[in-house]
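These are the residues of each chain, in order.
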Amino acid sequence: MKLSDFDFDLPDRLIATRPARPRTSARLLVAEGDGITDAHVYDLPRWLRPGDRLILNDTKVIPARLQGVRRRASDAGETEARIEVTLLEPRADGLWAALLKPLKKVRDGEEIRFSSELSATVEAREEGQGLLRFNLSGEDFDAALNAAGAMPLPPYIAAKRAADAQDRTDYQTVWARASGAVAAPTASLHFDEALLATLAAQGIGFTHVTLHVGAGTFLPVKVEDVTTHRMHGEWGEVTEAAAAKIAATRAAGGRIIPVGTTALRLIETAARASGRIAPFRGVTDIFIYPGFRFNVTDALMTNFHLPKSTLMMLVSALMGPERIRQIYAHAVASEYRFFSYGDASLLIPGD
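Just so it is clear, the model here is predicted, and its values are computed rather than measured.

Thresholds applied
Residues numbered from 1 in each chain as written. Predicted model: local features only at pLDDT ≥ 70, side-chain atom pairs only at ≥ 80, totals over all residues. Heavy atoms only, no water. Buried < 20%, exposed > 50% of the residue type's maximum accessible area, 1.4 Å probe, protein only. Helix = DSSP H or I, 4+ residues; strand = E, 2+ residues; numbered from the N terminus. Arc of directions from axis to C-beta. Contact = heavy atoms within 4.5 Å. Salt bridge = Lys/Arg side-chain N within 4 Å of Asp/Glu carboxyl O. Pairing = 2+ DSSP bridges. Axes fitted to C-alpha atoms, helices over the stretch in contact; angles between N-to-C directions.

J.: Hey, could you go over helix H4 (residues 193-201) for me, with residue numbers and the actual values?
T.: Along H4, the positions that sit buried rather than exposed are Leu195, Leu196 and Leu199. Looking straight down H4, one finds its buried side chains confined to an arc of 100°; they lie on one side. Facing away from the buried side of H4 by more than 90 degrees, the exposed set consists of Glu193, Ala194 and Ala201. For H4, the elements touching its buried residues are strand E3 (53-57) and strand E12 (205-211). Gly203 lies just past H4 and shows a positive phi near 95°.

J.: I'd like a rundown of the pattern of salt bridges, residues and numbers included.
T.: Working definition: two side chains of opposite charge can pair if their charged atoms are close together. Following the criterion strictly, the structure yields 22 salt bridges and no others. In this structure, Glu111 and Arg113 form a salt bridge, with 3.6 Å as the shortest nitrogen-oxygen distance. Among the residues examined, Glu111 registers a relative accessible area of 39% and is labelled partly exposed. On the accessibility criterion, Arg113 (31% relative accessible area) is partly exposed. Taken together, the shared-partner salt bridges in this structure form one network comprising Arg18, Arg161, Asp164 and Asp167.

J.: Run through the sheet that holds strand E1 (residues 27-32), naming residues and quoting values.
T.: Strand order across the open sheet formed by four strands is E2-E1-E17-E16, with mixed pairing between neighbours. Sheet topology places strand E2 (35-40) and strand E16 (300-303) at the edges, where each strand pairs with a single neighbour. Within this sheet the neighbouring strands show an average axis-to-axis angle of 20°, counted without direction. Alignment of E1 against strand E17 (residues 344-348), held across five bridges, turns out to be parallel. In the sheet register, Glu32 faces E17, and the bridge partner there is Ile348.

J.: Give me the lowdown on the environment of Arg70, citing residues and values where you can.
T.: Residue placement: Arg70 occurs in strand E5 (residues 65-74). Overall, the relative accessible area of 5% leaves Arg70 in the buried class. For the pair Arg70 and Ala252, spaced 182 residues apart in sequence, the C-alpha separation works out to 59 Å. With residues near it in sequence (within four places) discarded, Arg70 still touches Thr79, Glu80, Ala81, Ile83, Lys105, Val106, Glu110 and Glu111.

Below is the structure:
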């Protein structure tokens, strides 16, 4: 299975740098069986049935991009350097893994100050990253980070424009609860409270799970034989109550429909050991590509993904490689908007 099998031509103009407004006005490509229907997210209730259950990732994106200053005493007096920090993930020992630019401008033990309240000490540097220990923790850290940080937009958006105040709302789901992600579960950005109420009134169930999306989600696949690719790890949790609701829905004949590839990867991880959904808490590095057996997922709502990405491999596993090529050819020809702030698809495999 070659990396080139998951490539396609994507015009740069189709990469969205701002979301649709309102959220539910984004376009929705519905692929069911052999058919393709062009619709909008607000039409989603047409394709869902009473008893279906949407799986929602309730991770909350932190403002993980920081601008700081490192000061250093020298014979000529105090010198300083501006350091850009992108937080990657918290570690069990209280440290944060982070990208520091330029990394060569800092030494172990030096302090980087981001505001009058927030600073961090460089504890170590390894594998091109820095390990930081912040001066605050808990709610004090959250408040100071919220004041000093900016939203960590995906690189293909950040290359076109800087993050701004609007991204603090746009790049967060309406049900975000558990802080820890440095990238949004972007399919979920299309929902608002009105659509959720409409779906609930229709008899659609909702179950929240948590997967803290890491910056590794944007890493390119560098091997030609995709089966040798190693996924990054991300922390997630499916609670006992969530697993029970998913199992009950399946037993009653309802469909399990993750909203986003993050929710899908997590519930399939939770079912990997036994083939049935079970509570899960820990790190998942599940890699889903054609040939994967889905134990829980019946359909998927997701955005349109990068060529040659692991997410293209995931949707190809769900729908079949040839079917996905047809769907994406239609999306490009119909000028759907791609990636994090782009349009959505509802992928319903045939029997």
